[in-house]
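Examination of the molecular architecture
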Amino acid sequence: MESNNETYETVQGRLDVLRKGIVSEENSVGYYQTLTEKTPEDSDVNKGMRRMYYDLMLEEKKHVSRFRELISQWEQKLKEFEK
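It should be emphasised that the depicted structure is a prediction, and the values quoted were computed from it without experimental measurement.

Comments concerning the overall build of the protein chain
Check the secondary structure of the protein chain and you find 2 helices and 0 strands. In terms of overall size, the protein chain is more extended than a compact globule, its C-alpha atoms giving a radius of gyration of 18 Å where 83 residues would be expected to give roughly 12 Å. Taking the principal axes of its C-alpha atoms as reference, the protein chain extends roughly 60 × 20 × 15 Å. A total of 83 residues make up the protein chain; the buried ones form 27% of that total. Of the contacts made within the protein chain by residues no fewer than 6 positions apart, 73% connect residues no fewer than 24 positions apart. Roughly 6200 Å² of accessible area belongs to the protein chain as shown, and the carbon and sulfur atoms make up 50% of that amount. Between the mean site of the 14 positive side-chain charges and the mean site of the 17 negative ones, the protein chain shows a separation of 3 Å.

Quick word on the pattern of salt bridges
Counted under the stated rule, the structure contains 6 salt bridges. As a salt-bridge pair, R14 and E6 come within 2.8 Å of each other at their nearest N and O atoms. Linking K62 and E59 is a salt bridge whose minimum nitrogen-to-oxygen distance equals 3.7 Å. Of this pair, K62 and E59 are both found in helix 2 (residues 44-82), 3 residues apart, which corresponds to roughly one turn of the helix. The exposure class assigned to E59 is partly exposed, which follows from its relative accessible area of 36%.

Conventions adopted
Position labels on residues start from 1 in each chain and follow its written sequence. Reporting of local features is limited, given that this is a predicted model, to residues whose pLDDT is at least 70; pairs of side-chain atoms are given and counted only at 80 or more, and all residues count toward the totals for whole chains, interfaces and linings. Heavy atoms throughout the structure, all of them, feed into the side-chain values; hydrogens and water do not. Here a helix means four or more residues in a row that DSSP labels H or I, a strand means two or more in a row labelled E, and each is numbered from the N terminus. Radius of gyration: C-alpha atoms only; globule rule: 2.2 Å multiplied by the number of residues to the exponent 0.38. Each residue gets one of three labels from its accessible area relative to the maximum for its type: buried under 20%, exposed over 50%, partly exposed in between, using a 1.4 Å probe on protein chains only. We call two residues contacting when some pair of their heavy atoms lies within 4.5 Å. What sets the accessible areas is the Shrake-Rupley method with a 1.4 Å probe; for residues, cover comes only from the shown protein chains. For the charge count, each Lys or Arg is scored as positive and each Asp or Glu as negative, with His and the chain ends excluded. Here the site of a charge means atom NZ of a Lys, CZ of an Arg, CG of an Asp or CD of a Glu. One speaks of a salt bridge when a side-chain nitrogen belonging to Lys or Arg is within 4 Å of a carboxyl oxygen belonging to Asp or Glu.

In structure tokens, the structure reads:
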């Protein structure tokens, strides 16, 4: 797909997808945080599970940050079209 032939409408489409996507990523952060909190540390297996949930939560937080960067980038592009 070509990204150099953007129009106001294509940028709006991109932003719509990003805004929906960030909700999913934020929900994933909450999901893994909940799993971390609800998994007891009463066995080595559970400790491993908690660590993995925590690692996954951190990864999802990176995704949220990247989505925010992309939203900001495309919002700026949209403002350029509005000028």
